[in-house]
Amino acid sequence: MSSLCRTSAVLVVFMALAVGVGAEQLKERSCDVVGDDSTESQMERALLKKLEPLSHMRFNVTVEKSKTENYVYHFRVCREVNSSMQDFGGLVQTNRQNGKTTVIGRINETQLFNGSDWIMLIYKGGDSYGSHCSGEKRRAVIMISCKRGVTASSFSIISEEREKEQDCFYLFEMDSSLACPAEDSHLSVGSILLITFASLIAVYIIGGFLYQRLVVGAKGMDQFPHLAFWQDLGNLVADGCDFVCRSKPRNAPAAYRGVGDDQLGEESEERDDHLLPM
């Protein structure tokens, strides 16, 4: 019985180790800025945090220079393109002719810079050049430009500088709103005046309602402050418009006079004058 328990305990330990190793492999590694932890700049750490929403996205671009140069570039922001390879490859080139993969830049050698409306992400430590650039390691430069309303788009390769003796690089670009500066949220003068006016109206209505109800003891519509004034406001406005917009003097007679009883009476008296003796 003791041997059975001992065997079970060993199996449990092995299963726990296997689960731990599997979990470690499934966990994706992120960017590591060039240099020791103590020398990493706060600016680069802040930029890494700013680009974190792009880490779950994958980008691909196909380039066909000739029949022998036909490549697909795979890119991820601060994540490995193929985590199962455990090669830290953040930007990888695949030859469509023979399927060969080449790591252009690795996320464990990352540098970041930024300007007012752009962020430059650099992956260093790629696979070595063959006959180009003195056999130095490849490097990928990704220029992320500001484009509001777009999380990420338009990933493309601009050029490959490999004709120099050293400091060769691959240049890519993409658009993202994450590279945009923060928008100012200052209110305009008109907005401030509208907010102030609306606040005063609210205070007037609520305060007047409470006063009429709790102090005066009014009920129903009488709780509305200055109810009589607001009821007469329409008539007052109409009188004002009539006074301002009148197109004739107030005392001018009408252009057309109707036939009234008074006129008929006067006319009948005039007609009876010839009957009187001379």
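See the structure printed just above.
What counts and how
Residues numbered from 1 in each chain as written. Predicted model: local features only at pLDDT ≥ 70, side-chain atom pairs only at ≥ 80, totals over all residues. Heavy atoms only, no water. Salt bridge = Lys/Arg side-chain N within 4 Å of Asp/Glu carboxyl O. Helix = DSSP H or I, 4+ residues; strand = E, 2+ residues; numbered from the N terminus. Buried < 20%, exposed > 50% of the residue type's maximum accessible area, 1.4 Å probe, protein only. Pairing = 2+ DSSP bridges. Axes fitted to C-alpha atoms, helices over the stretch in contact; angles between N-to-C directions. Contact = heavy atoms within 4.5 Å.

> I'd like to hear about the pattern of salt bridges, residue by residue, with values.
Opposite charge on two side chains lets them pair, provided their charged atoms get close. Scanning the model with the defined rule gives seven salt bridges in all. The closest approach of N and O atoms between E80 and R29, which form a salt bridge, is 2.9 Å. On the criterion of sequence distance, the pair formed by E80 in the loop between β2 (70–76) and β3 (89–95) and R29 in the loop between α1 (2–26) and α2 (42–50) is long-range, its members being 51 residues apart. E52 is the partner of R79 in a salt bridge, and the nearest nitrogen-oxygen pair spans 2.8 Å. Placement of the pair is R79 in the loop between β2 and β3 and E52 in the loop between α2 and β1 (58–64), with a sequence separation of 27 residues. Classification of R79 as buried rests on a relative accessible area of 12%.

> Pulling in residues and values, what's your account of the sheet that holds β2?
Read across the sheet, eight strands follow the order β1-β2-β3-β4-β5-β6-β8-β7 without closing on themselves; strand pairing throughout is mixed. Every other strand in the sheet has two partners, leaving β1 and β7 (153–161) as the edge strands with one partner each. Taken over all neighbouring pairs, the strand axes of this sheet differ in orientation by 25 degrees on average, direction set aside. As judged from the six bridges shared by β7 and strand β8 (residues 169–176), these two strands associate in the antiparallel manner. Counted as the bridge partner of S159 is L171 from β8. Sitting on the sheet, α2 touches β4 (101–114) and β5 (118–125), and the angle it makes with β4 is about 115 degrees.

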